[in-house]
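Coordinate analysis (summary)
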Amino acid sequence: DQLPQGATVLSTVLSSDQTNIITMTGARVAHPLLVGLANIHMHTRMKLLSKVFMLTALLPISQYLHSNQQMQGMLKDRLIHECLSIVLQPLMKAAELRIMMSDPVGNIHHCFTPLAAYIVNTPEACMLTCVHGKTSPFTLASYLQFG
């Protein structure tokens, strides 16, 4: 598919990592969801003080009373997936349909926002891909096939 004349692609990068939130919360734990643009040079994007990532949401980490540990894990993962679908709904619509945005000069552009990357550590990659244990979140290989 081709983009319409004058369209701009603003590829997005998401990042999240389970974090202790101490200030004003009483030592709670959450998944901060950050969003940034992929077309910003990586050297600039990865600097801590560059402020190219914006806090989009604090995804909750809940405690369940169910006695089955596997059920608790499944409920926690399902809650994160549901929160992500709610929070990222506008981004998904913009990627599909496009939205009108202005640049710093004030020119209006048709913008598409596809997801280019999701930066996570291995436990979160497993949670996002719904795999656990000795299964790889990146391939279809089982642990028996690992070298």
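All of these numbers come straight from a predicted model, not from anything done at the bench.

Another aspect to go through is the sheet that holds strand 6 (residues 99-102). The strand order across the open sheet built from 3 strands is 1-7-6, with neighbouring strands paired in mixed fashion. Of all strands in the sheet, those bounded by a partner on one side alone are strand 1 (7-9) and strand 6. Taking the axes of each pair of neighbouring strands and ignoring which way they run, one obtains an average angle of 50° across the sheet. Pairing analysis gives 4 bridges linking strand 6 to strand 7 (residues 108-112), with the strands arranged antiparallel. Its bridge partner being in strand 7, Met100 is matched across the sheet by His110. Packing against the sheet, helix 3 (residues 89-97) makes contact with strand 6 and strand 7, and its axis sits at approximately 105° to strand 7.

Counted as a void, the largest pocket has a volume near 420 Å³. Contributions of two or more residues to the lining of the largest pocket are made by strand 4 (28-37), strand 5 (54-60), helix 3, strand 6 and strand 7. The class makeup of the residues in the lining of the largest pocket is 14 nonpolar, 7 polar and 1 charged. The volume enclosed by the second largest pocket comes to roughly 270 Å³. Along the walls of the second largest pocket sit 18 residues, with Gln18, His31, Lys76, Asp77 and Met127 positioned nearest its centre. For the lining of the second largest pocket, the secondary-structure elements that each account for two or more residues are helix 2 (69-87) and helix 4 (122-129). Here the residues of the lining of the second largest pocket sort into 8 nonpolar, 6 polar and 4 charged.

Rules and cut-offs
Residues numbered from 1 in each chain as written. Predicted model: local features only at pLDDT ≥ 70, side-chain atom pairs only at ≥ 80, totals over all residues. Heavy atoms only, no water. Pairing = 2+ DSSP bridges. Helix = DSSP H or I, 4+ residues; strand = E, 2+ residues; numbered from the N terminus. Axes fitted to C-alpha atoms, helices over the stretch in contact; angles between N-to-C directions. Contact = heavy atoms within 4.5 Å. 1 Å grid on protein atoms, 1.4 Å probe; cavity = no way out; pocket = protein on both sides within 12 Å on 5 of 7 lines; lining within 4 Å. Points joined across faces, edges and corners; volume = space filled by probe spheres on them. Nonpolar A, V, L, I, M, F, W, Y, C, P; charged D, E, K, R; others polar.

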